[in-house]
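# Commentary on secondary and tertiary structure
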Amino acid sequence: MYPKSIKNSSRFVNVAYRISLPITILLWLMPLAAVMMTSIRSIQDINQGNYWGWPTSFNFIENYMMVFQSTEMGQYLLNSILITIPAVMGAVALSTLAGFALAKYKFKANIWMLAIFIGGNFVPFQILMIPVRDLTISLGLYDTHMGLIMFHIAFQTGFCTLFMRNFIVGLPNELLESARVDGVSEFKIFWHIVLPLVRPALAALSVLVFTFIWNDYFWALVLVQSDTVRPVTAGLSSLQGQWLASWNLISAGAVVAALPPVTLFFAMQRHFIAGLTLGATKG
Amino acid sequence: MQDQNTPTLRANQLRDKPPITRRRFPKQLTPWLFMAPALLLFSLYVLYPIISSFILSFYNWDGMGDKVWVGFGNYVELFDSETFWIALKNNIIWMLLFMLAPPIGLAIALFLNQEVRGIRLVKALFFFPFVISQVVIGLVFTWFYDPNLGLLNSILEVFGIQTIALLSSEEYVTYGIIAAGLWPQIAYCMILYLTGLNSLSPDQIEAARLDRAKGLKMLRYIILPQLSPATFIAVVVTVIGALRSFDLVATMTAGGPWGSSTVLAYMMYEESIFNYRMGYGAAVAVVLFLIMAVYIAYFLTRMLRSES
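Since the structure is predicted, the reported quantities are computational estimates derived from the model, not experimental observations.

## Quick notes on the overall build of chain B
- Along its length, chain B carries 16 helices and 2 strands.
- Here the C-alpha atoms of chain B give a radius of gyration of 26 Å, more than 25% beyond the 19 Å that 2.2 N^0.38 yields for 308 residues.
- By its C-alpha atoms, chain B is 85 × 75 × 30 Å across when sized along the principal axes.
- A buried classification covers 54% of the 308 residues belonging to chain B.

See the structure below:
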């Protein structure tokens, strides 16, 4: 283990380390803590400039009620859910199929297809922007949930395919072969043998991609213009324009927008990190 | 591995399956059928648009009327424009300063790589900023920098330093946004290194300890070489992140004041969406793409080499 475990160090070092942990956490998350504090402040506190001191009253319920009652935040939140969930399911489904093809079939273009999927995942969004916008308009999907869903499925397929391919490569070939010997069709092999085995990978991937899509801001700006479709990221920044001085309200909105991916992260931390650090340990 | 399997598979099929099935359903087609849906969507939404943007960059187009061929006109104008050079310079500053993320991430990972009670939660909390939307991060930092009520100025006041309106200062604004961007980026690098530290070879470390390797020397000669896969990914992801920077610029300053904090990604968006200059915007996108293509190619060759 590196650095050396402090278990064998002096009592002083141990105590100092344990005290330093919460202090560094506090410093690291200070900007965030401030937002959470502000989201429960009263408007009087805000007007008097009491941003960083102790709140004079705790308006937790009032502020969060107000976010949902007097702004479109509820609608934005719903839109994000309506966009993110189908997009995650679509991307994961398509990439499991493609990942299986790249992992378990040897064909000439294999490595090139993999390269295209990985490379496409790294391109700047701007090079896609105008054609994707035109395409979405000509498909009649501009300013609809479906327009965003389609793009996210297509784009995330790149990363997802790499992820699923790397997972499926590790499955034993013997399993597939013995099925083939028995005359099982290739699709049935996929459906009945591969799919049950990749379930843990599907969970990890879904959590990760959910966060990516939920937090998208650029495409929400480019492909959407009305409140009935706008997801929570773009919604929050339009809220910022409308409620300029009501920082308590805006920060409550920010907390609401951040909550779903954060909850998912803490609930499925292990999966999330496994997905994100893919390749960090092997050369 | 599949190399060796294929011939046996073919032999099996020849034996077990009636020839008709084979002819209707050639074996070579199977992987393409599995890939078809993904490949179709990916081509439509990613591959074709890249080509299409390249072509568009040689035209003038307002998004509605006819496209007018201008050859390299957009590029000539671009290289003459002051905004472009400001954006490019800012992108370079982003890249250089973003390079702080891997070493800081490593430092935090080393600090947190202990087994004490509650350390799992501490690690999760350190990673936290990465999970939050950049829009929220932009909002948090806009506020942190606010000249009247921001915490930054309150702190500066305590130390008796002149307060500043960071985001309205042409000189400092880019640094302010980069600091916000570094926050989640450091978190990401940290988690990469924590994973790397978990899989160090204990034998090598023990052997080095017996040879009395210590501290920085140990880190430099024993630990870092073993962490090189993590470093590689951290650097690539950080460079790409710096070049992709859009969300924070858009939410914190919209490129201001007077275009001083713009980056290529934001400039492209502004020219196309606000100024209706799609062809010119496409030219900006092409330049950004070409810069990034260098890194993508580097990443791909290294990655594919390790695959084969």
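Further notes follow.
## Here's the deal with the overall build of chain A
- Each helix and strand counted, chain A has 15 helices and 0 strands in total.
- For 283 residues, the compact-globule formula gives about 19 Å, and the C-alpha radius of gyration of chain A, at 24 Å, lies well above that figure.
- In terms of overall dimensions, chain A has C-alpha extents of about 75 × 65 × 30 Å along its principal axes.
- Relative to its full complement of 283 residues, chain A shows a buried share of 58%.
- At a minimum sequence separation of 6, the contacts of chain A that also span at least 24 residues come to 74%.
- Of the accessible surface of chain A, which amounts to about 11,800 Å², a share of 68% is contributed by carbon and sulfur atoms.
- Here chain A contributes 16 positive and 11 negative side-chain charges, whose respective centroids are spaced 17 Å apart.

## A look at the domain arrangement of chain B
Residues and elements named next belong to chain B.
- Here chain B is described as being made up of domain 1 (2–56) and domain 2 (75–307).
- Distance from the C-alpha centre of domain 1 to the C-alpha centre of domain 2: 39 Å.
- Buried surface at the junction of domain 1 and domain 2, summed over both partners, amounts to about 430 Å²; 84% is from carbon and sulfur atoms.
- When the area that domain 1 buries against domain 2 is broken down by residue, the three leading residues are S53, F54 and L56, summing to 86%.
- Between the two partners, domain 1 and domain 2, sit 0 salt bridges.

## Section: the interface of chain A and chain B
- Each partner contributes to the interface: chain A provides 109 residues, whereas chain B provides 109 residues.
- Taken over both partners, the interface formed by chain A and chain B buries close to 10,300 Å², and the fraction arising from carbon and sulfur atoms is 76%.
- The largest contributions to the chain A side of the interface with chain B come from Y2, W28 and F122 of chain A, which together make up 9% of the buried area.
- Our enumeration of links across chain A and chain B arrives at 1 salt bridge.
- E115 of chain B is paired through a salt bridge with K7 of chain A; the nearest N and O atoms lie 3.6 Å apart.
- Where chain A packs against chain B, one counts 10 residue pairs in polar contact (both at pLDDT 80 or more).
- Along the lines of polarity and charge, the residues of the side of chain A that touches chain B split into 72 nonpolar, 24 polar and 13 charged.

## Thoughts on the packing of aromatic side chains
- The tally for this structure, following the rule as stated, stands at 55 aromatic pairs over all chains.
- Between F79 of chain B and F84 of chain B, the ring centres sit 5.4 Å apart and the planes meet at 70°, which makes this aromatic pair edge-to-face.
- In this structure an aromatic cluster arises from ring pairing among F125, F151, F155, F218 and W219 of chain A together with Y45, F246, Y266, Y269 and F274 of chain B.
- Its guanidinium or amino end placed over the ring of Y221 of chain B, R220 of chain B lies 4.8 Å from that ring's centre, counting from NZ or CZ.
- For the cation-ring pair, R277 of chain B lies above Y280 of chain B, with the distance from its terminal atom to the ring centre recorded as 4.2 Å.

## A closer look at the packing of helix α5 (residues 73–104) of chain A against helix α8 (residues 145–169) of chain A
Residue and element names in this part refer to chain A.
- Direction vectors running N to C along α5 and α8 enclose 35°, while the axes themselves pass 5 Å from each other. The two elements α5 and α8 cross, and the hand of that crossing is right-handed.
- Taken together, the residues of the contact of α5 with α8 break down into 17 nonpolar, 10 polar and 2 charged.

## Some points on the side chain of Q185 of chain B
All names here are of chain B.
- In this fold, Q185 is placed in helix α10 (residues 173–198).
- By relative accessible area, which is 10% here, Q185 ends up buried.
- A distance of 3.3 Å separates the side chain of Q185 from the side chain of T238, its partner in a polar contact.

## What about α10 of chain B?
- Between its terminal C-alpha atoms α10 of chain B stretches 38 Å, which fits the 38 Å expected from 26 residues at 1.5 Å a residue.
- At L182 of chain B, α10 of chain B is bent by approximately 30°, the largest bend along its length, and proline P184 of chain B sits one to four residues beyond.

## Structural notes on the UniProt feature "transmembrane region" (unreviewed entry) in chain B
Residues and elements named next belong to chain B.
- Per the UniProt record, "transmembrane region" (unreviewed entry) is found at residues 32–59, 92–112, 124–145, 172–197, 218–242 and 280–300.
- With 89% helix and 4% strand, residues 32–59 has end C-alpha atoms that lie 36 Å from one another.
- Measuring from the first to the last C-alpha atom of residues 92–112 gives 31 Å, for a span that is 90% helix and 0% strand.

## Topic: the UniProt feature "transmembrane region" (unreviewed entry) in chain A
All names here are of chain A.
- The positions that UniProt labels "transmembrane region" (unreviewed entry) are, in the present scheme, residues 21–40, 76–102, 109–129, 149–168, 189–214 and 245–267.
- Taken as a whole, residues 76–102 contains 100% helix and 0% strand, while its terminal C-alpha atoms sit 38 Å from one another.
- Between the C-alpha atoms that bound residues 149–168 the distance is 26 Å, and the span itself is 100% helix and 0% strand.

## A look at the nonpolar core
- Within the largest apolar cluster, 212 residues are counted, with the highest numbers of intra-cluster contacts made by L128 and W219 of chain A together with F127 and I223 of chain B.
- Leave out the neighbours within four places in its chain, and W219 of chain A touches F125, L128, M129, V132, L148, F151 and V224 of chain A.

Conventions used here
- Residues numbered from 1 in each chain as written.
- Chains lettered and ligands numbered in written order.
- Predicted model: local features only at pLDDT ≥ 70, side-chain atom pairs only at ≥ 80, totals over all residues.
- Heavy atoms only, no water.
- Helix = DSSP H or I, 4+ residues; strand = E, 2+ residues; numbered from the N terminus.
- Rg over C-alpha atoms; globule rule 2.2 N^0.38 Å.
- Buried < 20%, exposed > 50% of the residue type's maximum accessible area, 1.4 Å probe, protein only.
- Contact = heavy atoms within 4.5 Å.
- Areas by Shrake-Rupley, 256 points an atom, 1.4 Å probe, with all protein chains shown as cover.
- Lys, Arg positive; Asp, Glu negative; His and termini not counted.
- Charge placed at Lys NZ, Arg CZ, Asp CG, Glu CD.
- Domains from an automatic or database assignment.
- Buried area = accessible area lost by both parts, 1.4 Å probe.
- Salt bridge = Lys/Arg side-chain N within 4 Å of Asp/Glu carboxyl O.
- Polar contact = N/O pair within 3.5 Å; in protein donor to acceptor, adjacent residues only side chain to side chain.
- Nonpolar A, V, L, I, M, F, W, Y, C, P; charged D, E, K, R; others polar.
- Phe/Tyr/Trp six-rings, centres within 6.5 Å; stacked < 30°, edge-to-face > 60°.
- Lys NZ or Arg CZ within 6 Å of the ring centre and 35° of its normal.
- Axes fitted to C-alpha atoms, helices over the stretch in contact; angles between N-to-C directions.
- Left-handed = near helix turned anticlockwise from the far one by under 90°.
- Expected span 1.5 Å × (residues − 1).
- Bend = angle between axes of the 7 residues up to and from the residue.
- UniProt positions renumbered as here; feature names shortened; annotations may be inferred.
- Core = buried A, V, L, I, M, F, W, Y, C linked by side-chain atoms within 4.5 Å.

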